[in-house]
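# What the coordinates show
Here's the letter readout for the chains.
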Amino acid sequence: MAAIIAGMYASDMPRAATSDLAAVEELAAREDRDLTAEGVAVVSMGGAMSVGRFAGLLGPPGLGLRLTGLCDAREEPFYDRGWQRAGAVRDFQVCVADLEDEMIRALGPERVEEVIRAEDELRPWQTFLAQPAQHGRPREQQLRRFLSTRKGRKIRYGSLLVRALDDGRPPAPLADLLAGL
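A brief look at the structure comes next. Chains are numbered independently. Their residues run from 1 in the order of the written sequence. Residues qualify for local features only when their pLDDT is at least 70, as the model is predicted, and side-chain atom pairs are given and counted only at 80 or more; totals for whole chains, interfaces and linings, by contrast, use all residues. Heavy atoms throughout the structure, all of them, feed into the side-chain values; hydrogens and water do not.

### Digging into the nonpolar core
Most often, soluble globular proteins have nonpolar side chains that are buried together. Note the threshold: What is meant by a nonpolar core is a set of buried Ala, Val, Leu, Ile, Met, Phe, Trp, Tyr and Cys residues, joined one to another through side-chain atoms within 4.5 Å. Under the scheme applied here, a residue whose accessible area is under 20% of the maximum for its type counts as buried, over 50% as exposed, and between as partly exposed, the area being computed with a 1.4 Å probe on protein chains only. Helix and strand definitions here come from DSSP, where helices need a minimum of 4 consecutive H or I residues and strands a minimum of 2 consecutive E residues; each element is numbered from the N-terminal end. We call two residues in contact when some of their heavy atoms are within 4.5 Å.
Met-103, Leu-161 and Leu-174 are the most contacted members of the largest nonpolar core, which has 30 residues in total. Sorting the residues of this core by element identifies helix 1 (15-30), helix 4 (99-107), helix 5 (109-118), helix 6 (122-129), helix 7 (139-147), helix 8 (153-163) and helix 9 (172-179) as the ones contributing at least two each. The residues contacting Met-103, other than those within four sequence positions of it, are Leu-161, Val-162, Leu-165, Pro-171 and Leu-174. One finds Met-45, Leu-58, Ala-88 and Phe-92 within the second-largest nonpolar core, a separate group that totals 14 residues.

And the structure:
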């Protein structure tokens, strides 16, 4: 058995980890994989500060599961320490900024905006872009911020952006996570 540990920031609770979880589950379904049948548990742990506790409970000192994970670059030191303390082999994928950033780069801003339009959120998107704080920011940053502006949006778009890949390759951290199982 293996456990995938998906992290998130306390300031994003509970949206981020559940959006990562939605993306992992959507990609697995897209690849016709039943992670439960494969003996894989996908766990949202409630924050990067919890990785040591979860690694201890699920990894070698606890249930003895093989651990793998997905984290944001800012979380990597917490994952390194958590894995090391649990005596687990370092086996987690790191997103440059976060999974949404990876998805936006994989799809391109234009495709992400198509998804926003398809979800009937063009007006909120345009209102968001009209805010002075958004003027002059790169489109990718605007999109990342927009996905975090309403409760539940990151969760919903976690799946939607994976679906929008069509036949395209998922971002490396997400693809590598599933390929390593």
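### A closer look at unusual backbone geometry
With a phi close to 55°, Asp-32 is a non-glycine residue in the positive phi region. Tracing the backbone shows Asp-32 in the loop between helix 1 and strand 2 (40-44).

### A short note on the environment of Phe-78
Here Phe-78 lies in helix 3 (residues 76-86). In sequence terms Phe-78 and Ala-130 are 52 residues apart; their C-alpha atoms lie 37 Å from each other. If we skip the residues at most four places from it in the chain, Phe-78 touches Ala-48, Met-49 and Val-51.

### Details of the packing of aromatic side chains
Note the following rule: Stacked, tilted and edge-to-face are the three classes assigned to paired rings of Phe, Tyr and Trp, where Trp is represented by its six-membered ring and a pair needs centres within 6.5 Å; plane angles under 30 degrees give stacked, over 60 edge-to-face, the rest tilted. We call a charge positioned over a ring when the NZ of a Lys or the CZ of an Arg lies within 6 Å of the ring centre and within 35 degrees of the ring normal.
If you walk through the whole model with that rule in mind, you get six aromatic pairs. For the ring pair Trp-125 and Phe-128, a centre distance of 6.0 Å and an interplane angle of 15° mean the geometry is stacked. Taken together, the residues Trp-125 and Phe-128, both in helix 6 and three residues apart, mark about one turn of the helix. Exposure remark for Trp-125: the relative accessible area of 1% places this residue in the buried category. When its relative accessible area of 5% is taken as the criterion, Phe-128 is described as buried. Three or more aromatic residues link up through ring pairs in this structure, and these residues are Tyr-79, Trp-83 and Phe-92. Here the basic side chain of Arg-153 rests over the ring of Phe-146, its NZ or CZ set 4.0 Å away from the ring centre.

The values reported here are purely geometric and, on their own, carry no functional implication.
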